[in-house]
Amino acid sequence: MRENYIPVKIAGVGYSLPETVITNDDLTKLYETSDEWIYTRTGIKERRLVSGSEDAMDLGLDAAKKALEKSGIKPEELDLIIAASSAPPQLYPAIACHIQSRLGIETDIPAFDITAACSGLIYGMQVAKGFINSGIYKNILIVATDNNSRYLDWTDRGTSILFGDGAGAMVLTPSSDGIEDILSIDIKARGSIGALIYKDNVGKNCPLVEPCPEHDGFIHMNGKEVYKFVVTILPQYIEEIIAKAGLKAEDIDYLIPHQANLRIIQAIQERLNYTDEKVITNIKYYGNTSAASVPIALAEGVEKGTVKLGSTAILCGFGAGMTWGGAIVRLREGIC
Ligand code: UT7
């Protein structure tokens with residue numbers, strides 16, 4: 001270990017979901033589909049959606065408060081806020097700045113957003129770990145939050161069946177006992193296939209120049225190609241992350257993956273030869289909540305007791321960019 005290396009503690013996690021539930025049967029009112037088609041292809045039965053003026057910032061704030069409470073860190077003790085969102089309700093101010101303000105933090109700590117779609121938590125953890133390990137910042141709040149439902153084309157049954165809204169948060173601090181909780185972490189991107197999932201901002205050129213083509217602002221996805229790409233690279237990638245930590249798959253207690261499609265999760269599960277108890281899934285109830293998916297699965301798993309603490313877990317995400325990433329983490333008592 002490097003001299004002056006400060007290990008990271010995962011001090012608290014939290015999550016938040018909107019109350020409104022939309023089932024697969026509800027979607028049959030919008031287009032021709034069926035619960036059977038959606039469930040067998042994706043593992044999704046229902047999803048939670050924001051309603052009225054509720055948005056990703058409200059959900060993110062709620063998740064942040066819960067993670068802070070568990071961590072024992074007060075908002076005013078934070079040194080940095082990082083928010084990860086696939087599509088923030090406002091591009092600026094950053095979600096992180098909104099959260100800073102709504103937590104009542106009056107010191108001018110830095111706050112910024114990361115756009116790494118469904119890999120957002122892992123990207124945020126990698127950035128935060130670098131800051132803590134090097135002693136630049138101590139207490140860091142990561143908030144991963146999305147309200148995809150507001151950017152879906154609700155006539156497109158290929159995308160709108162998949163996504164839901166939600167938020168998750170994690171507080172990282174220096175570890176006082178010298179134990180590093182992020183045993184291994186890695187992030188990747190391949191921009192050359194970015195067109196597989198994209199969402200344009202809507203805007204118009206100056207009226208004095210030639211107009212630009214109009215964009216709809218919806219989430220567009222080539223689901224089949226995303227699926228093929230992910231099942232081709234992810235299982236082997238996760239094995240590499242495990243090896244990088246000096247571990248074997250059987251040494252790790254849980255797989256807590258991005259919840260995009262149950263069949264993708266099962267492909268990873270098969271490769272690692274894990275029983276169902278070791279694989280945390282909630283896609284059936286929440287669909288794909290993008291950046292929030294991994295922290296929701298983690299925090300909810302701990303809360304419901306399907307993830308026992310004093311354990312280790314593989315977190316992994318993938319999404320637009322294309323981005324992907326994985327982390328092997330130690331889950332201490334008291335984080336949730
Ligand atoms: O975090 C983002 C990461 N994204 C992902 O991980 C997405 C990965 N991809 C997937 O999960 C799958 O590609 C989907 C679930 C999105 C789609 O499944 P698919 O097996 O790739 O279906 P498809 O789009 O190839 O469509 C097959 C058929 C088509 O009919 P034809 O052309 O064969 O007659 C579609 O029109 O199924 C039809 N179809 C539907 N039918 C009923 C497409 N969507 C629906 C629907 N209900 N909702």
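For clarity, every value in this text was computed on a predicted model and none was experimentally measured. (Residues numbered from 1 in each chain as written. Predicted model: local features only at pLDDT ≥ 70, side-chain atom pairs only at ≥ 80, totals over all residues. Heavy atoms only, no water.)

Draft legend 1. Just the overall build of the protein, in detail. From N to C terminus, the protein includes 10 helices and 13 strands. Expressed as a percentage of contacts within the protein between residues at least 6 apart in sequence, the contacts between residues at least 24 apart total 78%. Roughly 14,900 Å² of accessible area belongs to the protein as shown, and the carbon and sulfur atoms make up 50% of that amount. Each charge class in the protein can be summarised by its mean position, and for the 32 positive and 43 negative side chains these summaries are 3 Å apart. (Helix = DSSP H or I, 4+ residues; strand = E, 2+ residues; numbered from the N terminus. Contact = heavy atoms within 4.5 Å. Areas by Shrake-Rupley, 256 points an atom, 1.4 Å probe, with all protein chains shown as cover. Lys, Arg positive; Asp, Glu negative; His and termini not counted. Charge placed at Lys NZ, Arg CZ, Asp CG, Glu CD.)

Draft legend 2. Region of interest: the sheet that holds strand 12 (residues 311-319). Pairing is mixed across the open sheet formed by 4 strands, whose spatial order is 8-13-12-11. A single partner strand is all that each edge strand has here, and the edge strands are strand 8 (182-189) and strand 11 (254-257). Each strand of the sheet is rotated relative to its neighbour by a mean of 15°, with strand direction disregarded. Across 9 bridges, the pairing between strand 12 and strand 13 (residues 323-331) is antiparallel. Residue Ala-313 lies in a different strand from strand 13, and its bridge partner there is Val-329. Of the strands in this sheet, strand 8, strand 12 and strand 13 are in contact with helix 7 (residues 223-244), which crosses strand 13 at around 35°. Most of the contacts of helix 10 (residues 293-304) go to strand 11, to which it runs at about 140°, and overall it touches strand 11, strand 12 and strand 13. (Pairing = 2+ DSSP bridges. Axes fitted to C-alpha atoms, helices over the stretch in contact; angles between N-to-C directions.)

Draft legend 3. The site of the ligand, seen in detail. Around the ligand, a shell composed of 22 residues is seen, among which Thr-33, Arg-41, Gly-223, Asn-261 and Asn-288 lie nearest. Within the side chain of Thr-33, a nitrogen or oxygen atom sits 2.6 Å from a nitrogen atom of the ligand. A distance of 2.8 Å separates an oxygen atom of the ligand from a polar side-chain atom of Asn-288. Surface burial for the ligand is 72%, taken as the share of its 950 Å² of free accessible area covered by protein chains. Those elements giving two or more residues to the shell around the ligand turn out to be helix 2 (35-42), helix 6 (157-160) and helix 7. A per-class count over the shell around the ligand returns 11 nonpolar, 7 polar and 4 charged. (Near = heavy atom within 4 Å. Polar contact = N/O pair within 3.5 Å; in protein donor to acceptor, adjacent residues only side chain to side chain. Nonpolar A, V, L, I, M, F, W, Y, C, P; charged D, E, K, R; others polar.)

Draft legend 4. Region of the structure containing empty space enclosed by the protein. Applying the stated criterion across every chain yields a total of 1 cavity of 30 Å³ or more. Here the largest cavity defines a volume of roughly 30 Å³. The wall of the largest cavity is formed by Gln-259, Asn-282, Tyr-286, Gly-287, Thr-289, Ser-293, Ile-296 and Ala-297. For the lining of the largest cavity, the element with the highest residue contribution is helix 10, accounting for 3 residues. (1 Å grid on protein atoms, 1.4 Å probe; cavity = no way out; pocket = protein on both sides within 12 Å on 5 of 7 lines; lining within 4 Å. Points joined across faces, edges and corners; volume = space filled by probe spheres on them.)

Draft legend 5. Focus on the pattern of salt bridges. Under the defined criterion, the tally for this structure stands at 13 salt bridges. Linking Arg-102 and Asp-58 is a salt bridge whose minimum nitrogen-to-oxygen distance equals 2.7 Å. Placement of the pair is Arg-102 in helix 4 (residues 95-102) and Asp-58 in helix 3 (residues 56-71), with a sequence separation of 44 residues. For Asp-58, a relative accessible area of 27% translates into the label partly exposed. Between Lys-129 and Glu-180 there is a salt bridge, and its shortest N-O distance comes to 3.3 Å. Highlighted residues: Lys-129 in helix 5 (residues 120-133) and Glu-180 in the loop between strand 7 (165-174) and strand 8, separated in sequence by 51 residues. According to the relative accessible area criterion, Lys-129 is buried, its value standing at 10%. For Glu-180, a relative accessible area of 8% translates into the label buried. (Salt bridge = Lys/Arg side-chain N within 4 Å of Asp/Glu carboxyl O. Buried < 20%, exposed > 50% of the residue type's maximum accessible area, 1.4 Å probe, protein only.)

Draft legend 6. Spatial organisation of the domain arrangement of the protein. For the protein, the assigned domains are domain 1 (8-174) and domain 2 (182-331). Inter-centroid distance (C-alpha atoms) of domain 1 to domain 2 is 14 Å. Taken together, the contact between domain 1 and domain 2 spans 51 residues of the former and 47 residues of the latter. Together, Tyr-15, Cys-118 and Ile-122 form the three largest contributors to the area buried by domain 1 at its contact with domain 2, with a combined 18%. Linking domain 1 to domain 2 there are 0 salt bridges. At the boundary of domain 1 and domain 2, one finds 16 residue pairs in polar contact (both at pLDDT 80 or more). Elements represented by at least two residues in the side of domain 1 that touches domain 2 include exactly strand 1 (8-16), helix 2, strand 3 (46-49), helix 5, strand 6 (140-147), helix 6 and strand 7. (Domains from an automatic or database assignment. Buried area = accessible area lost by both parts, 1.4 Å probe.)

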